[in-house]
Every structure is written in structure tokens, then in C-alpha cells.
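Results of the structural survey
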Amino acid sequence: MKFVWENTVIALIAIGILYFLLNKYAFGPLFSVMEKRRQLVQQQLSEASQTREQATTYVEEQKAALQQARKEAYDIIEQSKQTSNKQAAQMLEQAKNEATRLKEEAVRDIQSEKNRAVEQLRSEVGAVSVKIASKLIEKEVSEDKVQEELVDQYLKEVGGRS
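Residues numbered from 1 in each chain as written. Predicted model: local features only at pLDDT ≥ 70, side-chain atom pairs only at ≥ 80, totals over all residues. Heavy atoms only, no water.

**Structural notes on the pattern of salt bridges**
Applying the stated rule across the entire model yields 7 salt bridges. In this structure, Glu35 engages Arg38 in a salt bridge whose closest nitrogen and oxygen atoms are separated by 2.5 Å. One end of the pair is Glu35 and the other is Arg38, both in helix α1 (residues 5-139) and 3 residues apart, which spans about a single turn. Look at Glu35 and you get partly exposed, because its relative accessible area is 32%. Across the pair Lys71 and Asp75 runs a salt bridge, and its minimum N-O distance is 3.2 Å. Taken as a pair, Lys71 and Asp75 lie in helix α1 at a separation of 4 residues, close to a single helical turn. Assessed through its relative accessible area of 48%, Lys71 is described here as partly exposed. Via salt bridges that share partners, Glu98, Arg101 and Glu105 belong to a single interconnected network. (Salt bridge = Lys/Arg side-chain N within 4 Å of Asp/Glu carboxyl O. Helix = DSSP H or I, 4+ residues; strand = E, 2+ residues; numbered from the N terminus. Buried < 20%, exposed > 50% of the residue type's maximum accessible area, 1.4 Å probe, protein only.)

**Considering the UniProt feature "transmembrane region" (unreviewed entry) in the chain**
As annotated by UniProt and renumbered to match this structure, "transmembrane region" (unreviewed entry) occupies residues 12-33. In this annotation, residues 12-33 is assigned 100% helix and 0% strand; the end-to-end C-alpha distance for the span is 29 Å. (UniProt positions renumbered as here; feature names shortened; annotations may be inferred.)

**Remarks on the environment of Gln87**
By secondary structure assignment, the location of Gln87 is in helix α1. Using a relative accessible area of 45% as the deciding quantity, one classes Gln87 as partly exposed. Between the C-alpha atom of Gln87 and that of Ile77, which follows or precedes it by 10 residues, the distance is 15 Å.

**Considerations on the UniProt feature "coiled-coil region" (unreviewed entry) in the chain**
Look at the UniProt record and you will see "coiled-coil region" (unreviewed entry) annotated at residues 52-116. Span residues 52-116 is 100% helix and 0% strand, its end C-alpha atoms 94 Å apart.

**Quick notes on the packing of aromatic side chains**
All told, the structure shown has 2 aromatic pairs when counted by the stated rule. When the ring of Tyr19 is compared with that of Phe27, the centres are 6.1 Å apart and the planes differ by 55°; the resulting orientation is tilted. Of the residues examined, Tyr19 reaches a relative accessible area of 52% and is grouped as exposed. On the numbers, 5.7 Å between centres and 25° between planes, the contact of Phe27 with Phe31 is stacked. With Phe27 and Phe31 both in helix α1, this residue pair falls 4 residues apart, about one helical turn. Chaining the aromatic ring pairs together yields one cluster made of Tyr19, Phe27 and Phe31. (Phe/Tyr/Trp six-rings, centres within 6.5 Å; stacked < 30°, edge-to-face > 60°.)

Listed below in C-alpha cells is the structure:
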């Protein structure tokens, strides 16, 4: 095989012309499309990065909001417990006061009934005493034995009524 310089020069000129034509008509638009595609991919990557950052921020905000909601729920539960304990203590105190009041009222009623019964007994004893005295005067008894019988009869009467 023989090396021909003319063919090499013609091939180089043809490659130069082809390169010039491809550069002018094909490479420019092709590189332009490729550049636009590169910019689009770059933009999408940037948007994806921003979206990821926003999602991370949103997740952190949601975690904080959830933590705050849990804390508020716990506070509400604690406040409810304290309120119910206070109400239970108040109700217990009211019940004790009511029981004490009812007991004191019952003691007063019992004392009043006792006083009334004693008064009634005194009036009956007085009436019976008057009866005995009138019987004694009627009989004008001077004997001790008759007087003892009257006292025994009086005691039986008084004992039978109480």
C-alpha cells in the first residue's frame, strides 16, 4: 500500500468543509438543543432540591405542631384532673358540712323533744300530786298505813304513765 498525499489533502479539505458545514448548520442547533436540555435538567434539579428542602421544613413544622398538640392535650388532661379533684374535694366538704348540719339539727330536735317530754312529765306529776293532795284532804286520814297505800297507789299511777 502506497501512501498518496493528494488523497490525504483532499480528504483533509473535505473533512474541513464538512466540519465547517456541520458547525454552521448542525452543531449550532444541536448544541443549542443540548444546552437548553442541560438548563432544563439543571432547573429541575434545583426545583427538586428546593422542594426537598421545603418538604423537610414542612415535616419539621408538622413534628413541632404535633409535639405542641400533644403538650396541650397533656396540659388539658392535667387541668381536667385537677379540676375534678377540686370538685371532688368540694363535694366531699359539702357532704361533710351537710352531715354535720343534719346531725346538729337532729341533736337539737332530740333535745327539744326531751325538754318537751320532761315538761309534759312535770305537768303530769304536778297534776297527779294535786290529785293525791286532794285525795288526802278528802279522806283526812291520820293513819300511816293509809298514807303508805296512797303513796304506793300514786307511784303505780306515775309508773304506769311514763
